[in-house]
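Letter by letter, the chains look like this.
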Amino acid sequence: MSARKRLLIVFHTQTGNTGQLAKAVLRGAGRVAEIESRLMRAFDAGVDELLNCDGLLLGTPENFGYMSGALKDFFDRTYYPCEGRLVGLPYAVFVSAGNDGTGAVREIGRIANGYGWKCVAEPLIARKAIAPEHLAAAEELGEAMASGLAMGIF
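A short tour of the structure in this document, coming up. (Residues numbered from 1 in each chain as written. Predicted model: local features only at pLDDT ≥ 70, side-chain atom pairs only at ≥ 80, totals over all residues. Heavy atoms only, no water.)

## Let's talk about the nonpolar core
Leu50, Leu56, Leu58, Phe75 and Trp117 are the most contacted members of the largest nonpolar core, which totals 29 residues. Those elements that place two or more of their residues in this core are β1 (5-11), β3 (55-61), α3 (69-82), β4 (90-97) and α4 (102-115). With six residues, the top contributor of residues to this core is α4. Beyond its immediate sequence surroundings of up to four residues, leucine 56 is in contact with Leu7, Leu8, Val10, Leu50, Leu89, Pro90, Tyr91, Ala92, Trp117 and Met145. In this structure, Ala24, Ala29, Ala126 and Ala146 belong to the second largest nonpolar core, which totals 21 residues. (Core = buried A, V, L, I, M, F, W, Y, C linked by side-chain atoms within 4.5 Å. Buried < 20%, exposed > 50% of the residue type's maximum accessible area, 1.4 Å probe, protein only. Helix = DSSP H or I, 4+ residues; strand = E, 2+ residues; numbered from the N terminus. Contact = heavy atoms within 4.5 Å.)

Structure representation (structure tokens):
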């Protein structure tokens, strides 16, 4: 029997909003028994975790139209050691935004292109206060990502 595929969820939260989304993503992913899901804060995740995952979900607040410094730090620490080793890695993004969230999504996408990752879902942008529909959408994102990995879709 082959080892279970691994879904890595890397996030940063300052006010707790992105943390709520991250926990909801993890709950959704947890519905797929064939997948091992791991939730890590951006400052704690590194090269080993990234190289050992089969799929990646990235969560950040939008700060000044950009991703959080913690998520950028994760990219800065992992890019060169992982360069060329994760081409095609499926990923998706979730953002807690006081404004529109598109700046953070755009810049994460630019960095992900540098890694050679493949975006497999529309970004989830929770604007303003976290509401039940945002949490439901985050659970759906986690479950969809885990299901796609389990079925070999990506």
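## Topic: the pattern of salt bridges
Here the idea is simple: oppositely charged side chains can pair when their charged atoms come close. Scanning the model with the defined rule gives seven salt bridges in all. Glutamate 143 is the partner of arginine 31 in a salt bridge, and the nearest nitrogen-oxygen pair spans 2.9 Å. Taken together, the residues arginine 31 in the loop between α1 (17-29) and β2 (35-41) and glutamate 143 in helix α5 (residues 132-151) connect sequence positions 112 residues apart. On the basis of relative accessibility, which here comes to 45%, the residue arginine 31 falls in the partly exposed class. Under the relative-accessibility criterion, glutamate 143 is labelled partly exposed at 29%. Through salt bridges with shared partners, one network takes in Arg27, Arg31, Glu139 and Glu143. (Salt bridge = Lys/Arg side-chain N within 4 Å of Asp/Glu carboxyl O.)

## Quick notes on the packing of α1 against α5
With their axes 6 Å apart at the nearest point, α1 and α5 run at an angle of 45 degrees to one another. Relative to α5, the element α1 is oriented oblique. Where α1 crosses over α5, the two elements pack in a sense that is right-handed. Contacts between α1 and α5 involve Gln20, Leu21, Ala24, Val25, Arg27, Gly28 and Ala29 on the former and, on the latter, His134, Leu135, Ala138, Glu139, Gly142, Glu143 and Ala146. Looking at side-chain class alone, the contact of α1 with α5 contains seven nonpolar, four polar and three charged residues. (Axes fitted to C-alpha atoms, helices over the stretch in contact; angles between N-to-C directions. Parallel < 35°, antiparallel > 145°, perpendicular 65-115°, else oblique. Left-handed = near helix turned anticlockwise from the far one by under 90°. Nonpolar A, V, L, I, M, F, W, Y, C, P; charged D, E, K, R; others polar.)

## Considering the side chain of histidine 12
Looking at where histidine 12 falls in the secondary structure, it is placed in the loop between β1 and α1. Apart from residues no more than four positions distant in its own chain, histidine 12 is found in contact with Thr18, Ala42, Phe43, Gly59, Thr60, Pro61, Ser68 and Ala70.

## Looking at the packing of aromatic side chains
Each pair of aromatic rings is reported with the distance of its centres and the angle of its planes. Summed over all chains, the structure comprises seven aromatic pairs. Seen in terms of ring centroids, phenylalanine 75 and tyrosine 115 are 6.0 Å apart; in terms of plane orientation they differ by 55 degrees. Their pairing is tilted. One end of the pair, phenylalanine 75, is in helix α3; the other, tyrosine 115, is in helix α4, and 40 residues separate them in sequence. Each member of the pair phenylalanine 75 and tyrosine 115 is classed as buried. For the pair tyrosine 79 and tyrosine 115, a centre-to-centre distance of 5.0 Å together with 80 degrees between the ring planes defines the contact as edge-to-face. On the criterion of sequence distance, the pair formed by tyrosine 79 in helix α3 and tyrosine 115 in helix α4 is long-range, its members being 36 residues apart. A relative accessible area of 3% means that tyrosine 115 is categorised as buried. (Phe/Tyr/Trp six-rings, centres within 6.5 Å; stacked < 30°, edge-to-face > 60°.)

## Description of the pairing of β2
One face of the sheet, then the other: side chains in a regular strand alternate in exactly this way. In the sheet, β1 pairs with β2 via seven bridges, with the strands oriented parallel. Pairing of leucine 7 across the sheet is with serine 37, part of β2. For the segment spanning β1, α1 and β2, crossover handedness is right-handed. (Pairing = 2+ DSSP bridges. Right-handed = clockwise from strand over helix to strand, strands pointing away.)

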